[in-house]
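Observations on chain architecture
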Amino acid sequence: MNVLLMYLVPLAVLLVAAGAVEERRAARAATVALVVFALVMLLYGAVGFGFQFGGIGLVNDAPGLKALVREWSPFDTTLGLGWGIVGLDAFGINFLFINADLTNLYLYHAALAATAVFMPALALAARVRSRVIVIGAALLGMFVYPLAANWVWGGGWLQQFGLTSALGHGMVDLAGSGVVYLFGGMATLGALLGYGVRSHTRVATAANSPEFPSAHLPLLMILGAFLFLIGAGVVVFGDPFPVADLPIPQIQLNLLNAAMAGLVVATLYGWFVSGEPLAMLAARGAVAGVVAVSASLPFIPAWAALVIGGVAGLLLPLTTYAVERWIRADDRALLVPTFGVAGIWGLLALAIFADGTYGDGWNKTGIGRHLGVTGQGVSGIFVQTGFVPDSPGQMEAQFFGVVAIGLLAFLSAFLIFFVLRRIGGAPE
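Residues numbered from 1 in each chain as written. Predicted model: local features only at pLDDT ≥ 70, side-chain atom pairs only at ≥ 80, totals over all residues. Heavy atoms only, no water.

Here's the deal with the layout of surface pockets
One number sums up the size of the largest pocket: a volume of about 970 Å³. Around the largest pocket, the lining comprises 37 residues; the ones closest to its centre are Gln159, Phe241, Val243, Trp362 and Asn363. Elements that contribute at least two residues to the lining of the largest pocket include exactly helix H3 (100-124), helix H4 (130-153) and helix H7 (218-237). Among the elements that make up the lining of the largest pocket, the one with the highest residue count is H3 (four residues). (1 Å grid on protein atoms, 1.4 Å probe; cavity = no way out; pocket = protein on both sides within 12 Å on 5 of 7 lines; lining within 4 Å. Points joined across faces, edges and corners; volume = space filled by probe spheres on them. Helix = DSSP H or I, 4+ residues; strand = E, 2+ residues; numbered from the N terminus.)

A word on the side chain of His370
Relative to the assigned elements, His370 resides in strand E3 (residues 369-370). For His370, a relative accessible area of 9% gives the class buried. A distance of 2.9 Å separates polar atoms of two side chains, one belonging to His370 and the other to Asp390. If we ignore the near neighbours within four places in the chain, the residues touching His370 are Gly168, His169, Gln376, Gly377 and Asp390. (Buried < 20%, exposed > 50% of the residue type's maximum accessible area, 1.4 Å probe, protein only. Polar contact = N/O pair within 3.5 Å; in protein donor to acceptor, adjacent residues only side chain to side chain. Contact = heavy atoms within 4.5 Å.)

Notes on the pattern of salt bridges
Under the definition given, this model contains two salt bridges. For Lys364, the salt bridge identified is with Asp61, shortest N-O distance 3.9 Å. Here Asp61 lies in the loop between helix H2 (23-53) and strand E1 (71-72) and Lys364 lies in the loop between helix H11 (335-353) and E3, a separation of 303 residues in the sequence. A relative accessible area of 37% means that Lys364 is categorised as partly exposed. Across the pair Asp330 and Arg332 runs a salt bridge whose closest N-O atoms are separated by 3.1 Å. (Salt bridge = Lys/Arg side-chain N within 4 Å of Asp/Glu carboxyl O.)

What to know about the environment of Asp330
With respect to the helices and strands, Asp330 occurs in the loop between helix H10 (302-327) and H11. Residue classification places Asp330 among the buried positions, given a relative accessible area of 8%. Taking the C-alpha atoms as reference points, Asp330 and Ser177, 153 residues apart in sequence, are found 23 Å from one another. Polar contacts involving the side chain of Asp330 include one to the side chain of Arg332, which spans 3.1 Å.

Some words on the packing of aromatic side chains
Throughout the structure, instances matching the rule amount to 25 aromatic pairs. Measuring from centroid to centroid gives 6.3 Å for Phe49 and Tyr106, while their planes differ by 80 degrees, and the two rings are edge-to-face. Here Phe49, found in helix H2, pairs with Tyr106, found in helix H3; they are 57 residues apart in sequence, far enough to count as distant. By the burial criterion, Phe49 is buried, and Tyr106 matches it. Connected via pairs of aromatic rings, a cluster forms that spans Trp83, Trp151, Trp157, Phe161, Phe399 and Phe400. We note Arg421 situated over the ring of Tyr195; from NZ or CZ to the ring centre the distance is 6.0 Å. (Phe/Tyr/Trp six-rings, centres within 6.5 Å; stacked < 30°, edge-to-face > 60°. Lys NZ or Arg CZ within 6 Å of the ring centre and 35° of its normal.)

Honestly, it's all geometry; don't read function into it.
Listed below in structure tokens is the structure:
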């Protein structure tokens, strides 16, 4: 699969978010988003890729990656390289063609980096000075996002939990529920609060029920939701280093199940509260379902994908209320509940529903035999007959991942945009 199809994912996020922007501000928001996209692509390749994958050769046997073995750890190497924090090689990967493996890895992950950084940029695009957004996004894309991605996909400490601490198969995130979407959602929350973009509580439509933000461009939102579903499949099947024997039909079924369950549940909730189906909730419900199931696509049965998507669709309106009324962040595009909250749920759901039938030796843990059972893969609580539940080990690994990625994204974005406000002035 052509790795350039990965860029459907940031496009889809742009369309989903742009549908909530007022028409008079949509052009500016889109322009700022394009500038952010281009800048993050350049800076991620120049700096961020090295921080993310400087030690990838320690955990990936591809010939083109074997020279990348510089993974920094705060501990003495006698404790093992499994506590790596950041890579220290392969900087400037976009300025010089070295080999096909490295180039494909950069093109693939640059799209995911842009997607994660897009979210806080889009949340602020219509209300904050453009230079502030560009600077903040550049810092997140160069330094902060690569750290989170290194920890889970680049050989870092979360990925190695199964080997270093006997916690399941380490943190498992197949297609970005945590690394991309949880990071983006929590960075959005941190950026909004750090810059002081606060909500003005709307009049409730019913007792204790929020009035959901309007969908100014609903067709864009719906188109974005469908493109996001397609893009999620590209993230799985377009990986330049695909996992062997992926259950392709099962993954496709699970994607559709989660998307449709999220759409239906979110729409029914909005219909019940407001008296009519809402495009904002319908589109975002489908996206939230896909976000939630992305971590666990090959590891769960089809019925579990329906549950994961349905819960994500329910959490969407409920946490929209919490973000607006309790946290007081003015998240008009609902990026925090759509991506951040769904990402949290998706990571934890894997430790509940992974049935053990797939993922033997995942993260180089339990190769051939796990928990005393031959061929047992990534497992949660509800496993297939013949396998042993991996509880609480896998849940602990997922929980630590949620906390680490969520705090890194939130605190970094809060600090960056808090400082930038002091330098660059109040919101426009």
